[in-house]
Every structure is written in structure tokens, then in C-alpha cells.
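Observations on chain architecture
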Amino acid sequence: MTNKPVRVRYAPSPTGHPHVGNIRTALFNWLFARHHGGGFIVRIEDTDTARTVAGAVETILGGLKWLGLDWDEGPDAGGDYGPYYQSERLKIYTEAAGRLIVQGDAYHCYCSPQRLKEMREEQARQKQPPGYDRRCRSLSAEEKAGCEAKGMKPVVRFKFPREGVTEFNDLIREKVKFENALIDDIVLIKSDGYPTYHLASVVDDHLMQISHVLRAEEWLSSTPRHLKLYKALGYEPPLFAHLPMLLGSDRSKLSKRHGAVSITEYREQGYLPAAMLNFLALLGWSLDDKTEILTRQELIDSFTLERVNKTAAIFNTEKLGWMNGVYIRALSPSEFSRLALPFLDRGLPPQVKRPLSTDYVNRVLPLVHERARTLAEVPDLTDFFFTGSLEYAAEMLIAKRMDRESTLKALETSLKRLEAMSGFGEDALEAVLRPLAVELGLKAGQLFGVLRVAVTGRTAAPPLFQTMTVLGRENCLKRLVEATTRLRQMAK
Ligand code: GLU
């Protein structure tokens, strides 16, 4: 630890929908800040104009808000170290780069994209490590003036030492060592005048008094460059912690091939934010070897970098589904209905009359509360409660060890008995149908199976009597009549 107050940042580049790995980085920073009573800062790294996507900032911030990751400084929140959009801080970076040039720590490079391409190709042919060959480091004043006269727009490059090693202590990976000779002179300011990520993030982490940089492992190899930049600029560096990589279940880098990768998709698929938060927290961190379910407060209380793994974390979609189910089951029935309603409204077929009756919805939803793993599954689990006619193959009506005739008989007899009932409650249905199975010489499971398909059009559905009660007498009788017709029409 340092004795500086804890200030951490989440520094997304607005280049698209936020990847779950990126949100995991935000979460670890947020947990670290909240655990230490420090500051959590959001900074938008939008200096790569070619890759910036309109609306991406809103999507990223929307993802944070959805998960309840509140920030103390940043867009909307303001703060003493703004602006928090790098595109509004260009002067600061130009000034820093100018200072490095004056000090002799940076230089103008006029190499054209064409020359750099040829250089890379040559390096590949010679089996040399790729990297800038430092040609412009030693341009004479005349050569420079010549380039300027031709109107060539230079980039600014950092003069990285050619000998020695850069070592540092990563809070997760411990001692890390890089050979300086293998590190080339990175660009600090591009020819469009915008800074690169390297310069902008170093300058901002310093000016925003960031105490700890917690970021994805892919940035580990940038850290020696950053450390030398800190030194050249006369800044004290923050502490670094590089978070383990996220892999898909096949142990390759988590990507679209593995399914949804943006937090927005998970939200749309009906994962609960509390479940997502819990799941993401366990990607590379654990409380112990067994605890899976942790509340937001428990995560804050127990989150430390000591328990962050060095090894990659596997994004297990199965486990996420299980965990989401746990969180869904923990909701009160009314909370579940409230959250599922928009999914139902969006997911049911268009011919279902809108607005849906709240009263009816509140009777249907408790029947699938235990079974839903995501809110988006709810329309599929319940559509037969809402649609007018069912679609299923007549064969489905025939239960195990039954045939067309015995099924027809079962349906017709049930229909008669149900028609004769005065009430239509769960207990009354059971009192009529259980003895009926015995009377027909069927197992209860066989008769109920036939009736289940007849009233729901599927073999797996919520408990039969509850389902029939909610569907109501009229609907059930109509569906039983339809089922007998279907079976009669079925080719023998
Ligand atoms: N803008 C970088 C990213 O989106 C930030 C990396 C860092 O945290 O230093 O990954």
C-alpha cells in the first residue's frame, strides 16, 4: 500500500459495447475503492478518434449504473480533477509532450506509414522482433527542416532507454521484469495532434492523483513504458495491479464465439444486476474456496487484492445461469412479477392482446418463479397462458405406454368430469382427477401427462392443477375439446 489516499479509476475507451471483461475491471476498481473508503473515478479515454463510436459512452455509463457501480468523479458527477473526457484535455498532453522534447526525452518522427510498413515487413523477413527502428532519433537539423519544408506531419516518440531492464512490483503478479532493448520508442502524440493512450493515461493518472492502477493484464507490457514516462515527466508513479485474463470455457480468450460478451446483452437477456455483480466479482477473485453467493456489501467488506488470482479466470455461462436462478428465486413474488413484466410484454407473440392484465400476470408468474434462470425465459415458459390456440403435434398427447384409443378415452372422460365440477380450484381438480386415473386403470403420471399436453401444448410445464386453475375452467375445457379433435384427426 501507499500512504496516499486511495483513488482508483476506470478508464474506458468508447469504442463500442462494454465487454464483460472491461466491466470486471470497473467492478474490481469500484470494490477496491469502496473497501478502502477511497475514490472511484471514471475517465473517458476518447483520444482514438477513428475508433470512437457515437453513443458508446452512454452505453458504458448505463452498464455501470445498472450494476450500481456509482462513481465519485467523472462524467455527470464532475469533480476537482476534470474534465474527465480526454478529448477535452488535449492542451495538457501537448504541453507534456513539448516538455519531453525540450528535455531530450522525446523526438519528432517523420517516418511515413509506408516506410513503417516496409520496415515491419523487413523485420518479419529477418525474423527480428517488431518495433520502430529509431531512425528519426538521430535526424540532423537539416533533415528535420527538410521534412518540415515538405509539409510532413510528425508524430512525437518517446526515447526509451536501449539498455538495462525495467523492473517493478505488481500487486498481483509480484516482481515483473522487462528487457529495455525489446521495447521500442512508442508514439506519444499522433500526427493528428491527439495523444496516444500511453501519454494521456500517464499524465491523467498523475494529475488525477490516482494511487492504484488496477487494469487488465493485456496492459502489463505497457507498464515499463509508463514507468519511464512517469520518471521523465518527474511524476511519482502509482502502484500497479494487473488483473487476470478472462477466458471462455475452452480456455481461449473470451470473445463473441463464447456467446454474449457485452454487459448490455446480459441485461437484455434478463440477468439480474445483483447476480451479474456477484458473478463478475468471482472472475479472478474469491473469498475462500467455497463461497459463491455474496451480497454487494459482503463483496465490499471482503475485497482485497491479496485474493486476486494470477491465473486466468474462466467465464462459465452455466454457472452464471445457475447464479441468476438463485437470485431470481430469492426475489419476492411481487418483485419477480415487476421485473419479469417488461420481458413478458416484449417476448409474447404480437397477437396476444396488450396491455397484459396485471392481475392475470400476477397469477401466472409465481408458477414459473422457481424455474426461470433468466427473466428473458419467462415469455417462453408462460406463453400458453396467454395465447389463444396451442400448437403441438397430436402424438405428444399420447403418454408412455398408452395409445391413441386409451388417450382419447382419458381425454373424453376427463372432459365430462371437469364439465360436471362446480368449482375449479386446485384441490377440487385433484380430488376429481386422481381417482379418475385409478378408474381408467392409468398411473396418475400418465393421465396428468395427457392433460398437461392438452392444456399447455408441452410436456414440461408448471404443476398441473395450479396451471389449470390459473387458465380457468372455460379455457381448459376448450383445450381439452381441441385435443380430442386433434387426436381423432391424427392418422391411425
Ligand atoms: N482505455 C484503456 C482501456 O479501455 C484503459 C487501460 C488502463 O486502464 O490503463 O482498456
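Scroll up to find the structure this text is about.
Residues numbered from 1 in each chain as written. Predicted model: local features only at pLDDT ≥ 70, side-chain atom pairs only at ≥ 80, totals over all residues. Heavy atoms only, no water.

As for the overall build of the chain
Check the secondary structure of the chain and you find 19 helices and 11 strands. Over its C-alpha trace the chain gives a radius of gyration of 32 Å, far above what one expects of a compact globule, namely 23 Å for 492 residues. Judged by the C-alpha coordinates and their principal axes, the chain covers about 105 × 50 × 40 Å. Each of the 492 residues in the chain was classed as buried or not, and the buried ones make up 49%. Across the chain, every contact between residues at least 6 apart in sequence was considered, and the portion connecting residues at least 24 apart equals 75%. Charge centroids of the chain, computed over 67 positive and 61 negative side chains, lie 3 Å from each other. (Helix = DSSP H or I, 4+ residues; strand = E, 2+ residues; numbered from the N terminus. Rg over C-alpha atoms; globule rule 2.2 N^0.38 Å. Buried < 20%, exposed > 50% of the residue type's maximum accessible area, 1.4 Å probe, protein only. Contact = heavy atoms within 4.5 Å. Lys, Arg positive; Asp, Glu negative; His and termini not counted. Charge placed at Lys NZ, Arg CZ, Asp CG, Glu CD.)

Details of the sheet that holds strand β4 (residues 155–158)
On the basis of which strands lie adjacent, the open sheet formed by three strands has the order β3-β4-β7 and antiparallel pairing. Here the strands that pair on one side only, and so sit at the sheet edges, are β3 (106–109) and β7 (187–189). Between one strand and the next, the sheet's axes are offset by a mean angle of 45°, whatever the strand orientation. Of the pairings in the sheet, the one linking β3 to β4 comprises four bridges and is antiparallel in character. Its bridge partner lying in β4, C109 is registered against V155. (Pairing = 2+ DSSP bridges. Axes fitted to C-alpha atoms, helices over the stretch in contact; angles between N-to-C directions.)

Things to note about the nonpolar core
Membership of the largest hydrophobic core comes to 115 residues, with the highest contact counts inside it found for M276, L280, F336 and F386. Broken down by element, the residue count for this core peaks at nine residues, all from helix α1 (residues 20–36). With 32 residues, the next largest nonpolar core counts I186, I189, V213 and Y230 among its residues. (Core = buried A, V, L, I, M, F, W, Y, C linked by side-chain atoms within 4.5 Å.)

Quick notes on the packing of helix α15 (residues 404–420) against helix α16 (residues 426–440)
In helix packing, the relevant descriptors are the interaxial angle and the interaxial distance, both defined with respect to the helix axes. For the pair α15 and α16, interaxial distance at closest approach is 11 Å and the crossing angle is 145°. Where α15 crosses over α16, the two elements pack in a sense that is right-handed. Note on element contacts: α16 touches α15 through L429, V432, L433, L436, E439 and L440, opposite K409, A410, T413, S414, R417 and L418. Partitioned by chemical class, the residues of the contact of α15 with α16 number seven nonpolar, two polar and three charged. (Left-handed = near helix turned anticlockwise from the far one by under 90°. Nonpolar A, V, L, I, M, F, W, Y, C, P; charged D, E, K, R; others polar.)

Quick word on the pattern of salt bridges
On inspection of all chains with the given rule, the structure shows 28 salt bridges. Between R137 and D185 there is a salt bridge, with its nearest N and O atoms 2.8 Å apart. Placement of R137 in the loop between α4 (113–125) and α5 (141–149) and of D185 in the loop between β6 (174–179) and β7 is noted, with a sequence separation of 48 residues between them. For R137, a relative accessible area of 26% translates into the label partly exposed. Between E405 and R404 there is a salt bridge, and its shortest N-O distance comes to 3.1 Å. What makes E405 partly exposed here is its relative accessible area of 45%. Classification of R404 as buried rests on a relative accessible area of 12%. (Salt bridge = Lys/Arg side-chain N within 4 Å of Asp/Glu carboxyl O.)

Some words on helix α12 (residues 333–347)
Helix length check: α12 (15 residues) gives 20 Å between terminal C-alpha atoms against 21 Å at 1.5 Å per residue, within 8%. The principal kink in α12, of about 35°, is found at A340, preceding the proline P342 by one to four residues. By the burial criterion, the buried members of α12 are F336, S337, A340, F343 and L344. On the buried face of α12, the contacting elements are α8 (263–268), α11 (317–329), α13 (358–364) and α14 (378–382). (Expected span 1.5 Å × (residues − 1). Bend = angle between axes of the 7 residues up to and from the residue.)

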